[in-house]
Amino acid sequence: MAGDLTDADAQFREWMLENLQRAATHFGLVLAGEPRLGWMDRSIGALAHRGEEQFWLRVVSENKQWVDGDFWTGNLDANVLTGLAKPRVLDVYEWEEHRQQRAEVLTLLPGSPCSRTDVLRESLELSDAWWTELRRTVDVIASTSTDRVNADQELVSSRIRQRFGDSADPVVPVWETVHGDLHWANLMRPDFGLLDWEGWGRGPAGTDAATLLSYSLLVPEMVERVRSVFGDVLESESGRVAQLYVASRLLRRIDKGDHPDLTAALAANAEALL
């Protein structure tokens with residue numbers, strides 16, 4: 001958790017550590033291992049145990065005006081999805097102190113994340129069974145009925161037009177349920193597993209395939225494998241729109257400092273779709 005931090009950043013991280021310890025105390029858990037901070041330091045998680053039982057303890061912190069959205073309860077809501085290799089939320093604790101905090105105790109998946117960062121920067125040896133389970137999982141999610149929303153037409157149109165102007169038709173022809181954040185830090189190996197279900201909900205068909213492809217663009221052999229697994233999805237009209245939407249979303253994050261080395265590859269992939 002080291003790095004070049006302002007005093008305010010360092011203080012916020014220390015406060016997030018205190019939140020994690022508060023949650024552990026509430027649940028009667030003992031923290032183990034190095035805590036991991038999430039995107040923009042808005043969440044923190046660590047291994048925790050109670051006797052011989054091990055769990056993942058996660059705390060997310062938000063300003064109160066942002067806690068009414070679907071993302072706030074996404075991990076717990078995802079308990080309705082069964083038969084998939086994913087964490088299950090066992091308990092929840094919320095409190096308010098400056099901001100709103102939500103702590104979740106989750107079951108622990110075996111293995112380790114495929115990458116320490118969302119973007120993949122080196123090739124991975126993953127079994128055929130792993131790729132088969134990835135595709136099955138995405139298909140099960142897609143067919144799951146829910147009122148949750150990951151992205152609607154207004155958001156998709158706004159993002160695509162802001163980035164690509166009138167050169168792309170942003171109308172989504174097919175909608176489905178999506179995980180919404182299918183990147184390499186959320187995927188486990190050697191056995192397949194999928195983490196972080198905050199944002200799952202209805203979105204453009206092909207969003208998950210488009211997201212994984214976009215985060216793979218720096219490793220050509222992984223791009224080839226993703227395309228081989230999701231070719232039917234990515235080559236559809238909805239898949240084309242999904243790729244443009246994901247590209248516009250990621251380029252927007254790049255503008256704010258995330259993954260600058262992905263810029264050229266994302267722009268080139270999007271250009272080929274226009």
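Computed from a predicted structure; not experimentally measured.

Colleague: Looking at this model, I keep getting lost on the packing of aromatic side chains. Mind explaining?
Modeller: A ring pair, where both rings are aromatic, is described by two values, the distance of the centres and the angle of the planes. In the structure shown here, the tally under the stated rule is eight aromatic pairs. With 5.0 Å between their ring centres and 75° between their planes, Trp-130 and Trp-131 make a pair best called edge-to-face. Between Trp-131 and Trp-184, the aromatic rings sit 6.2 Å apart at their centres with planes inclined by 75°, giving edge-to-face as the arrangement. Of this pair, Trp-131 sits in helix α3 (residues 128-142) while Trp-184 is found in the loop between β7 (175-178) and β8 (187-189), placing the two residues 53 residues apart along the sequence. Like Trp-184, Trp-131 is buried. Three or more aromatic residues link up through ring pairs in this structure, and these residues are Trp-130, Trp-131, Trp-184 and Phe-192. Just above the ring of Trp-197 sits the side chain of Lys-86; from NZ or CZ to the centre is 5.3 Å.

Colleague: Explain the sheet that holds strand β4 (residues 89-97) to me, please; I cannot follow it from the model alone.
Modeller: Sheet strands line up and pair through hydrogen bonds in the backbone, either parallel or antiparallel. With antiparallel pairing, five strands are arranged side by side in an open sheet as β1-β2-β3-β5-β4. A single partner strand is all that each edge strand has here, and the edge strands are β1 (30-37) and β4. The mean inter-strand angle of the sheet, taken between neighbouring strand axes irrespective of direction, is 20°. Examined bridge by bridge, β4 and strand β5 (residues 99-106) share eight bridges and lie antiparallel to one another. Bridged to Glu-96 within β5 is Gln-100. Its contacts with the sheet put helix α1 (residues 7-27) on β1, β2 (43-50), β3 (53-62), β4 and β5, and the angle it makes with β4 is roughly 130°.

Colleague: What's the story with helix α4 (residues 153-164) in this structure? I'm lost.
Modeller: Within an α-helix, residues lying three or four positions from one another point in the same direction, as the helix has 3.6 residues per turn. Its twelve residues give α4 an end-to-end C-alpha distance of 16 Å, which sits within 8% of 16 Å, the value for a rise of 1.5 Å per residue. Those residues of α4 that sit buried are Val-156, Ser-157, Arg-159, Ile-160 and Phe-164. On its buried side, α4 packs onto β10 (201-204), α7 (237-255) and α8 (263-273). One or two residues past the end of α4 sits Gly-165, with phi positive at roughly 65°.

Colleague: For this particular structure, what's the right way to read the pattern of salt bridges?
Modeller: As a working rule, side chains carrying opposite charge can pair if their charged atoms are close by. Counted under the stated rule, the structure contains 19 salt bridges. Here Glu-198 ties to Arg-42 by a salt bridge, and the two come within 3.0 Å at their closest N and O atoms. Of the two residues, Glu-198 sits in the loop between β9 (193-194) and β10 while Arg-42 sits in the loop between β1 and β2, which places them 156 residues apart along the sequence. The pair formed by Glu-198 and Arg-42 is uniform in burial state, with each residue classed as buried. The shortest N-O distance in the salt bridge between Asp-261 and Arg-121 comes to 2.8 Å. Of this pair, Asp-261 sits in the loop between α7 and α8 while Arg-121 sits in the loop between β6 (112-113) and α3, placing them 140 residues apart in sequence. Residue class for Asp-261 comes out partly exposed when judged on its relative accessible area of 39%.

Colleague: Quick question: what am I supposed to make of the side chain of Arg-148 here?
Modeller: Position of Arg-148 among the secondary structure elements: in the loop between α3 and α4. What makes Arg-148 buried here is its relative accessible area of 6%. In this structure the side chain of Arg-148 is engaged in a polar contact, spanning 2.8 Å, whose partner is the backbone oxygen of Trp-200.

Colleague: Teacher, can you tell me more about the nonpolar core here?
Modeller: A general trend in soluble globular proteins is that nonpolar side chains are found buried together. In terms of nonpolar packing, the biggest core is built from 53 residues, with Trp-130, Trp-131, Leu-134, Trp-184, Leu-187 and Phe-230 touching the most fellow members. Residue assignment for this core shows that the elements contributing at least two residues are α3, α4, α5 (207-214), α6 (220-234), α7 and α8. With nine residues, the single largest contributor to this core is α7. Contact partners of Phe-230, with chain neighbours within four places excluded, come to Leu-134, Arg-135, Val-138, Ala-209 and Leu-212.

Colleague: Is there a simple way to explain the sheet that holds β6 in this structure?
Modeller: Pairing in this open sheet of three strands is antiparallel, and the strands run β6-β8-β9 from one edge to the other. Edge positions in the sheet fall to β6 and β9, since each of these pairs with one other strand and no more. Where α3 meets the sheet, it contacts β8 and β9, and its direction lies at approximately 150° from that of β8.

Colleague: Looking at this model, I keep getting lost on the environment of Val-92. Mind explaining?
Modeller: Checked against the element boundaries, Val-92 lands in strand β4. Accessibility expressed as a relative area gives 27% for Val-92, which makes it partly exposed. Sequence-wise, Val-92 and Ala-23 are 69 residues apart; in three dimensions their C-alpha atoms are separated by 9.4 Å. Once you skip the residues sitting within four places of it in the chain, Val-92 turns out to touch Phe-27, Leu-76, Arg-102, Ala-103 and Glu-104.

The rules behind each value
- Residue indices begin from 1 for each chain and proceed along its sequence in written order.
- Confidence filtering applies because this is a predicted model: local features only for residues at pLDDT of at least 70, side-chain atom pairs given and counted only at 80 or more, and all residues used for totals across whole chains, interfaces and linings.
- The basis for the side-chain values is all heavy atoms of the structure; hydrogens and waters are excluded.
- To pair, rings of Phe, Tyr and Trp, with the six-membered ring standing in for Trp, must have centres within 6.5 Å; the planes then decide the type, stacked if under 30 degrees apart, edge-to-face if over 60, and tilted in the middle.
- A run of DSSP states H or I qualifies as a helix once it reaches four residues; a run of E qualifies as a strand once it reaches two. Both are numbered from the N-terminal end.
- Exposure classes here rest on a 1.4 Å probe applied to the protein chains alone. A residue is buried below 20% of its type maximum, exposed above 50%, and partly exposed in between.
- A ring is scored as having a charge over it whenever the NZ atom of a lysine or the CZ atom of an arginine sits within 6 Å of its centre and within 35 degrees of its normal.
- Pairing between strands is defined by DSSP: at least two bridges between the two strands are required.
- Comment: axis = line fitted to C-alpha atoms, over the contacting stretch for helices; angle = value between 0 and 180 degrees taken between N-to-C directions.
- A contact between two residues is defined here by any heavy atoms of the two lying within 4.5 Å.
- Working rule for helices: expected span equals 1.5 Å times residues minus one.
- A carboxyl oxygen of Asp or Glu within 4 Å of a side-chain nitrogen of Lys or Arg is what we treat as a salt bridge.
- Under the rule applied, a polar contact is a pair of N or O atoms within 3.5 Å (in protein, one hydrogen donor and one hydrogen acceptor; residues adjacent in sequence only if both atoms are side-chain atoms).
- Buried Ala, Val, Leu, Ile, Met, Phe, Trp, Tyr and Cys residues form a nonpolar core when they are joined through side-chain atoms within 4.5 Å.

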